[in-house]
Amino acid sequence: MKRPGLTIAVIFGVILLALPIRADGAARPLPPVARAGLLDLSRWQMDRDGPVQLAGQWEFYWGKLLSPDDFRMGRKPESTGWFAMPAVWNGVSVNGRALGGSGFATFRLRLRVDPLQGRQALLIPYAFTAYRMWIDNRLAVVVGRVGKSADTMTPKYRTTIAFIDPPEDGEIELVLQISNFMHAKGGMRNPIRLAAASQVSGLKHRALVKDVLVFGCLLIMSIYHLALFAFRRSDRFNLYFALLCFFFSMRAGLTGEVFLADLFPNLDWMITIRLEWLCVYIGGPLGIAFARSFFPDECALSIYRGSLAIGTVLVLITLMAPVTVFTGMFPFVTPLIGLMLGYCAWVLFRAALRRRFGAVAMLASLALVITTVVNDMLYANDLIRTGHYIPYGLLFFVFSQAMILANRSAKAFQGLESTNAAYQLEIRERERAEAEVKAYQERLEDLVRERTDALAEANHRLKLELDDRKTAESEKLKLQEHLQRAQKMEALGTLAGGVAHDLNNILSGLVGYPDLLLQDLPADSDLRKPMLTIQQSGRKAAAIVQDLLTLARRGVADFQVVDLNSIVTDYLESPEFEKLIQFHPAVTVTSRLAADLVPVKGSSVHLFKTVMNLVSNAAEAMPDGAPFPFKRQTAPWIVPQATMRSRKKGNTPF
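Chains are numbered independently. Their residues run from 1 in the order of the written sequence. Per-residue local features are limited, in this predicted model, to residues with pLDDT of at least 70; the limit for side-chain atom pairs, both in listing and counting, is 80 or more; totals at the level of whole chains, interfaces and linings are taken over all residues. As a rule here, side-chain values cover all heavy atoms of the structure and leave hydrogens and water aside.

Colleague: Explain the overall build of the protein to me, please; I cannot follow it from the model alone.
Modeller: We count a stretch as a helix when DSSP gives it H or I for four or more residues in a row; a strand needs E for two or more, and each element gets its number in order from the N terminus. Counting its regular elements, the protein contains 17 helices and 19 strands. The contact criterion used is simple: two residues touch if any of their non-hydrogen atoms lie within 4.5 Å. Here the contacts in the protein between residues at least 6 apart in sequence split such that 74% fall between residues at least 24 apart. Each accessible area value is a Shrake-Rupley result obtained with a 1.4 Å probe; residue values ignore everything except the protein chains displayed when judging cover. Only carbon and sulfur atoms are counted for the fraction: they give 60% of the accessible area of the protein, which is about 38,500 Å².

Have a look at this one:
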């Protein structure tokens, strides 16, 4: 089956259309109508013929609120004329002037029934917009508050039931007051029905079940598709369809039996009337938006945007303007809504020609809705005897759209399952490929690890080789430094040796002649002391020359056994010491020399310089002056053998 959703929707629509049809509809006689304010039902059997509408000519009293007492006075009130019920009084001519929707009036009808039929009941619909009814001088029904102005009346929508116990003569008087200053239309548009008391409950329940069924189905579909849109925002047709279902469900609950008003008795009438008309004005734009969401290529964008703009304006007027404004403009908006409905049909027709998915089913359901509208118009004019089918047509339309959306969702889910299966197969292939890649990667890691270990070993060997090379280079540098130092020392020694030989030649006279002169000088000669100073200076110069020769011989010094006491005494008597005392007069040097001091082997010249440096440093450290004890004693002095052995010829710090 190519389109099972369409087939199921058609079967469901046929069942809905067949439900309200009476099996004996063809045998039911024509109901009587009221003439000149009298409805004769004496031959109408309620149990056999069913309920009857109180239609026909009622007595009409415009601008008057009359009660049964007003008709029992000696003078009967003057009637405006006859009023064909059920109808609204808009356009009715009174004194040459067409009535509007605002105003108040009294309606009166006399019934003639068979008293043997027992208790009966009136099924009274809602009126525009408040009413009350007397049955034989008894106030039976009050809906809202009837008043002569907008300030004195209270609008309300309710359907009620009033029971009648027929008197013995079978004459029943009905007096109905209606006032309206809130709605664009005034009066009672739906008929009042008279039925046997035993039939009222069934009639009421069937009507209520019909409205509740339509309301519940539409509301459930609205919630369902709104949830679909919440989970998948890209499918905007779910949103438009949910809004259509919601507004249709609200209208089903606010018209007919108006069960929402009974369910919420404190619900303000202004809210209910605005919500009811909001459903009327928003239906056309939502229908075009729904059609475009399904068939964007067949629906012009300009018309779609224009319908949304018109819908927005209508919604704002409905929410903000007075009730008489948005209820009164319906005749002017009706052609526009018809054009929107026709354009939706045109879009669906084009989509069906192009074989778009769901276009044929949508077009068929829309045609069925239009058929139900035509049927109700013919039934209201007593041209056919079927019944009211608009609620069923709307429910069928919504049900067919739900089937189309369900079919589309199912196909999308099937496609998703197919895609998922393909993805699963691809995932398995990828997992297998990943396993192979992982195994290859592990082998590659092992190979890399082996190569890395080999490279690390080679790197270690190379590092050792580099360390060895660095060590060799370091040793080479040290040897080169020693070689350069030895070469420098050799050059310096050569230079020092040459200088020393030259100085020895010069100092030979400076050292030798003072000795000869001292031999000839007497002991008390004044020149003896300067001659000794010259002699000592010459010897010191000879010692310096000896140092140069020592350097020239690569550090081999000429040591001799010396007495440290004599070296200290020589320094204290030297010109250097006298010069130091001149620079530091505040310093006092005292000597305490040990008599048993052990002689040492060394250079007397160097030891002399050492003593001179010690005393000079001490004097510099005491600029303010202080006694400086010069003490000498024998102390153990052990020179490490390793140090002595490490000192080689020519390895000197000079």
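That was the structure; now back to the text.
Colleague: Can you walk me through the sheet that holds strand β2 (residues 52–53) in this structure?
Modeller: Hydrogen bonds between backbone groups are what pair the strands of a sheet, and the pairing can be parallel or antiparallel. The strand order β2-β15-β9-β12 describes an open sheet built from four strands, whose pairing is antiparallel. The sheet is open, and its two borders are formed by β2 and β12 (160–164), each paired with just one other strand. Geometry is summarised by axes, namely lines fitted to C-alpha atoms with helices restricted to the contacting stretch, and by angles between N-to-C directions that run from 0 to 180 degrees. On top of the sheet, helix α4 (residues 197–231) reaches β9 (120–124), β12 and β15 (193–196); it is set at about 120° to β15, its chief contact. At least two DSSP bridges between two strands are needed for those strands to be called paired.

Colleague: Help me understand the pattern of salt bridges, please; the structure alone is not making it clear to me.
Modeller: Opposite charge on two side chains permits pairing when their charged atoms draw close. Salt bridges, as used here, are contacts in which a Lys or Arg side-chain nitrogen is within 4 Å of a carboxyl oxygen on Asp or Glu. By the definition in use, this model includes 20 salt bridges. Between Glu-59 and Lys-76 there is a salt bridge, with the nearest N and O atoms lying 3.8 Å from each other. Linking Glu-59 in strand β3 (residues 56–62) with Lys-76 in the loop between α3 (68–71) and β4 (81–85), this pair joins segments that are 17 residues apart in sequence. Throughout, exposure labels follow a simple rule: accessible area from a 1.4 Å probe, protein chains only, divided by the maximum for the residue type, with under 20% read as buried, over 50% as exposed, and the rest as partly exposed. Of the residues examined, Glu-59 reaches a relative accessible area of 3% and is grouped as buried. Residue Arg-119 pairs with Asp-165 through a salt bridge whose shortest N-O separation is 3.3 Å. Of this pair, Arg-119 sits in the loop between β8 (103–113) and β9 while Asp-165 is found in the loop between β12 and β13 (171–180), placing the two residues 46 residues apart along the sequence. Look at Arg-119 and you get partly exposed, because its relative accessible area is 45%. One network of salt bridges, with partners in common, ties together Glu-59, Arg-72, Lys-76, Arg-108 and Glu-173.

Colleague: Please explain unusual backbone geometry as it appears in this structure.
Modeller: If a residue is not glycine, its phi is most likely negative; likewise, a peptide bond is most likely trans. Omega for the bond connecting Met-85 with Pro-86 falls within 30 degrees of zero, at -5°, which places this linkage in the cis form. For Pro-86, the position within the fold is in the loop between β4 and β5 (87–88). The step from Phe-128 to Thr-129 runs through a cis peptide bond, and the omega angle for that step is -5°. Non-glycine residue Ala-36 carries a positive phi angle of around 55°. Secondary-structure assignment places Ala-36 in the loop between α1 (4–18) and β1 (38–41). Notably, Arg-355 is not glycine yet its phi reads approximately 60°, a positive angle. When you line up the elements, Arg-355 lands in the loop between α10 (330–353) and α11 (359–380).

Colleague: Before we go on, may I ask you to explain the environment of Thr-255 in this structure?
Modeller: Mapped onto the fold, Thr-255 is located in the loop between α5 (236–254) and α6 (259–263). Not counting residues within four places of it along the chain, the set of residues in contact with Thr-255 comprises Tyr-126, Asp-211 and Glu-276.

Colleague: Can you walk me through the nonpolar core in this structure?
Modeller: As a rule of thumb, nonpolar side chains are buried together in soluble globular proteins. Membership of the largest hydrophobic core comes to 46 residues, with the highest contact counts inside it found for Phe-290, Phe-294, Phe-295, Met-362 and Val-398. Of all the secondary structure elements, the ones that give two or more residues to this core are α4, α5, α6, α7 (269–294), α8 (301–320), α10, α11 and α12 (390–520). Val-398 has contacts with Leu-218, Met-221, Phe-241, Cys-245 and Phe-248, leaving out every residue within four places of it along the chain. Core analysis: the next-biggest nonpolar cluster, separate from the first, contains 38 residues, Leu-122, Ala-162, Ile-164 and Leu-176 among them. The criterion is simple. A nonpolar core is a set of buried Ala, Val, Leu, Ile, Met, Phe, Trp, Tyr and Cys residues joined through side-chain atoms within 4.5 Å.

Colleague: Looking at this model, I keep getting lost on the packing of aromatic side chains. Mind explaining?
Modeller: Two aromatic rings, taken as a pair, are described by how far apart their centres are and by the angle between their planes. Stacked, edge-to-face and tilted labels apply to pairs of Phe, Tyr and Trp rings (six-membered ring for Trp) whose centres lie within 6.5 Å, assigned for plane angles under 30 degrees, over 60, and everything in between, in that order. One pass over the full model with this rule turns up 21 aromatic pairs. Relative to Trp-269, the ring of Tyr-157 has its centre 5.8 Å away and its plane inclined at 85°; by these criteria the two rings are edge-to-face. Of the two residues, Tyr-157 is situated in the loop between β11 (138–143) and β12 and Trp-269 in helix α7; the sequence distance between them amounts to 112 residues. Both residues of the pair, Tyr-157 and Trp-269, belong to the buried class. Here the aromatic rings of Phe-290 and Phe-294 are separated by 5.4 Å at their centres, their planes lie at 70°, and the arrangement is edge-to-face. Placement of the pair is Phe-290 and Phe-294 together in helix α7, with a separation of four residues, close to one helical turn. By way of ring pairs, the aromatic residues Phe-60, Trp-62, Phe-83, Trp-89 and Phe-107 are connected into one cluster. Taking the ring centre of Phe-71 as reference, the NZ or CZ of Arg-108 above it sits at 4.7 Å. Cation over ring: Arg-292 sits above Tyr-304, and NZ or CZ is 5.4 Å from the ring centre. A ring has a charge above it when a Lys NZ or an Arg CZ is no more than 6 Å from the ring centre and no more than 35 degrees off the ring normal.

Colleague: I'm lost on the pairing of β13 in this one. Help?
Modeller: The two faces of a sheet get side chains in turn, since along a regular strand they alternate between them. Among the ten residues that make up β13, nine are buried, leaving the element largely enclosed by the rest of the structure. In this structure, β8 lies alongside β13, joined through ten bridges in antiparallel fashion. The residue of β13 that forms the bridge with Phe-104 is Ser-179. Note that strand β10 (residues 130–135) and β13 share six bridges and pair antiparallel. Residue pairing in the sheet places Tyr-131 in a bridge with Ile-178 of β13.

Colleague: For this particular structure, what's the right way to read the confidence of the model for the protein?
Modeller: Parts of the prediction with low pLDDT should not have their coordinates interpreted in detail. Per-residue pLDDT for the protein averages 81, and the proportion of residues at 70 or more is 85%. Low confidence marks residues 17–26, where pLDDT is under 50. Its contacts with residues over four positions away, or in another chain, come to nine contacts. For every residue, the predictor assigns a confidence score, pLDDT, that lies between 0 and 100. Low pLDDT, under 50, characterises residues 635–654; the stretch is placed with twelve contacts to residues that sit more than four places away or in other chains.

Colleague: Can you help me understand the packing of α4 against α5 in this one?
Modeller: Geometry of a packed helix pair, given as the angle between the helix axes and the separation of the axes. Remark: α4 packs on α5, axes separated minimally by 7 Å, with the N-to-C direction vectors making an angle of 160°. Here α5 runs roughly antiparallel to α4, going by the angle between their axes. For the crossing formed where α4 meets α5, the hand is left-handed. Packed against α4, whose contacting residues are Asp-211, Val-214, Phe-215, Leu-218, Leu-219, Met-221, Ser-222, His-225, Leu-226, Leu-228 and Phe-229, the element α5 presents Arg-236, Asn-238, Leu-239, Phe-241, Ala-242, Cys-245, Phe-246, Phe-248, Ser-249, Met-250, Ala-252 and Gly-253 at the interface. Across the contact of α4 with α5, the residue classes break down as 16 nonpolar, five polar and two charged. With respect to orientation, any angle under 35 degrees is reported as roughly parallel, any angle over 145 as roughly antiparallel, any angle of 65 to 115 as roughly perpendicular, and every other angle as oblique. The handedness criterion is simple: a crossing whose near helix is rotated anticlockwise from the far helix by less than a right angle is left-handed, and one whose near helix is rotated clockwise is right-handed. Basically, the charged four are Asp, Glu, Lys and Arg, the nonpolar ten are Ala, Val, Leu, Ile, Met, Phe, Trp, Tyr, Cys and Pro, and anything else, Gly included, counts as polar.

Colleague: How should I be thinking about the side chain of Thr-272 in this particular structure?
Modeller: Mapped onto the elements of the fold, Thr-272 is located in helix α7. When its relative accessible area of 10% is taken as the criterion, Thr-272 is described as buried. Side-chain atoms alone can form a polar contact between residues adjacent in sequence; in general such a contact is a pair of N or O atoms within 3.5 Å, and within protein one must be able to donate a hydrogen while the other accepts it. A distance of 2.7 Å separates a polar side-chain atom of Thr-272 from the backbone oxygen of Trp-269. In this structure Thr-272 touches Leu-254 and Leu-267, once residues within four positions along its chain are discounted.

Colleague: Would you mind showing me how to read the side chain of Gln-177 here?
Modeller: With respect to the helices, strands and loops of the structure, Gln-177 is situated in strand β13. On the accessibility criterion, Gln-177 (2% relative accessible area) is buried. Reaching out from Gln-177, the side chain makes a polar contact with the backbone oxygen of Leu-66 at a distance of 2.6 Å. Here Arg-132 takes part through its side chain, which lies 2.5 Å from a polar atom of the side chain of Gln-177. Sequence-distant contacts of Gln-177, that is, excluding residues within four places in its chain, are made with Leu-65, Leu-66, Ser-67, Ala-105, Thr-106, Ala-130, Tyr-131, Arg-132, Trp-134 and Val-146.

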